[in-house]
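# Observations on the three-dimensional arrangement
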Amino acid sequence: MASLKDMRVQIASVKATQKITKAMQMVAAAKLKRAQDAAENARPYAKRMAEVIANLARGVSGDAAPKLLAGTGSTQNHLVVVATADRGLAGGFNSSIVRAAREHIRGLIAEGKTVRILTVGRKGLDQLKRQYADQIVGSFELAKTLNLDVAQPIADAIFTAFDNGQADVVTLYYSQFRSVISQVPTPKQLIPAEIEATTEETSGGAVYEYEPSEEEILETLLPRNLTVQILASLLENNAGFYAAQMSAMDNATRNAGEMIKAMNLKYNRKRQAQITTELIEIIAGAEAI
Amino acid sequence: MAEKLHVSLVTPEKELFSGDVDQVIAPGSEGEFGVLVNHAPFMTTLAEGMVTILDGDKKRMYQVRGGFADVNAEGMTILAESAEEYVETVH
């Protein structure tokens, strides 16, 4: 049985842990606000971009369509980009993304496809290199501030793989930020570019005028779109990460609180028992005189 | 003039401007162009330069770098890689 002093030390240690988790929760909450704003601000751009491409894609068809849009015609080589966070302590946030990606990879390998993996964020690399060390062709770490400069190298790596014929289909796994309590691991197909089939024809079938030519625009716009889609996903990930960390730390703080309560109860009981024993001893001693 | 051109200027960071205006002048890669309401569907890449949005006697200017402009029946969308509002110094 632990002594009273041991118990005091233990309670103090849990209290210290609780202070840390509480602080982390508050930091995450503060950062979440900013990350959420950034993710929401990036949405209109990504959405407009997709609309513009959908519009353009309707115009070009068949062999004229760029490979980034139509694909290479083969589905043998798959490149899976797994985007997670750099840090943990966020509940199941990173694991759920990796799990979704791993399932996808396992399915592809079972089908006999060649799979290459690109990881973004340290946690995804840590979790995937145990099982798929040979398939990982590259990894990226995230910067403090997420902007196009972060997304560009990732996009460049994808293009290189695509140009070398190492990637016919590119899929990005990230966590979609639905709300503070819900982040959904989502696959997003980057190549061939996913076209929203439901987008209504905004131009009413009128002939578009292009400056410079349609093909030239598509050629610059498609790589641009890829970078933007990656950035948007990273921003969603970032917001989701802080949301997950906030709720994980909230839980930890609450659990620590419950633990302290239970331990205090035990400690006080023991202390009372000891006092009672001492009193009995004193009274017994006094009577004996 | 009842009819107005709906224009939105967005960058990856945020939506800078969205609203109904009279006219937009933008730096296309093959020359500066102006857009009024009911412009024919038109799409172009943008060069580095100034986007001017005119509404009544109000005038907003944005310094943009790279990107695209898309004009269709619903309005005009400027997708700029980077843009910031340009504040004219008063003489």
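Residues numbered from 1 in each chain as written. Chains lettered and ligands numbered in written order. Predicted model: local features only at pLDDT ≥ 70, side-chain atom pairs only at ≥ 80, totals over all residues. Heavy atoms only, no water.

Spelled out, the test is: UniProt positions are given in the numbering used here, feature names are shortened, and annotations may be inferred rather than shown by experiment.
For chain B, the name recorded in an unreviewed UniProt entry is ATP synthase epsilon chain, with Asticcacaulis aquaticus as its organism. One UniProt comment on chain B, placed under Sequence similarities (unreviewed entry), says "Belongs to the ATPase epsilon chain family." Per its UniProt entry, chain B bears the Subunit (unreviewed entry) comment "F-type ATPases have 2 components, CF(1) - the catalytic core - and CF(0) - the membrane proton channel. CF(1) has five subunits: alpha(3), beta(3), gamma(1), delta(1), epsilon(1). CF(0) has three main subunits: a, b and c."

As recorded in an unreviewed UniProt entry, chain A goes by ATP synthase gamma chain and comes from Asticcacaulis aquaticus. You can read under Function (unreviewed entry) in the UniProt record for chain A the words "Produces ATP from ADP in the presence of a proton gradient across the membrane. The gamma chain is believed to be important in regulating ATPase activity and the flow of protons through the CF(0) complex." We quote the UniProt Sequence similarities (unreviewed entry) comment for chain A here in full: "Belongs to the ATPase gamma chain family."

## Looking at the environment of Phe68(B)
Spelled out, the test is: Each helix is a run of H or I in the DSSP string that is no shorter than four residues. Each strand is a run of E no shorter than two, and both are numbered from the N terminus. With a 1.4 Å probe rolled over the protein chains alone, any residue whose accessible area is under 20% of its type maximum counts as buried; one over 50% counts as exposed, and the rest are partly exposed. We call two residues in contact when some of their heavy atoms are within 4.5 Å.
With respect to the secondary-structure elements, Phe68(B) resides in strand 7 (residues 58-72). Residue Phe68(B) is classed as buried on the basis of its relative accessible area, which comes to 4%. For the pair Phe68(B) and Gly28(B), spaced 40 residues apart in the sequence, the C-alpha separation amounts to 8.4 Å. Those residues within four positions of Phe68(B) in sequence are excluded, and the remaining contacts are Met49(A), Ile217(A), Thr220(A), Leu221(A), Arg224(A), Met43(B), Thr44(B), Thr45(B), Leu46(B), Thr77(B), Ile78(B) and Leu79(B).

## Digging into the sheet that holds strand 2 (residues 114-120) of chain A
Each strand in a sheet pairs with its neighbour through backbone hydrogen bonds, running either in the same direction (parallel) or in the opposite one (antiparallel). Residue and element names in this part refer to chain A. Operational definition: Any two strands with at least two DSSP bridges between them are considered paired. Helix axes are fitted only over the stretch in contact, all axes being lines through C-alpha atoms; the angle between N-to-C directions runs from 0 to 180 degrees.
With mixed pairing, the 5 strands of this open sheet are ordered in space as 3-2-1-4-5. The strands lining the two open edges of the sheet, one partner per strand, are strand 3 (136-140) and strand 5 (182-191). Ignoring which end each strand starts from, the neighbouring axes of this sheet average 20° apart. This element, helix 3 (residues 93-110), spans strand 1 (77-83), strand 2, strand 4 (169-179) and strand 5 of the sheet and lies at about 150° to strand 4. Against the sheet, helix 5 (residues 148-163) contacts strand 1, strand 2, strand 3, strand 4 and strand 5, and its axis sits at roughly 165° relative to strand 2.

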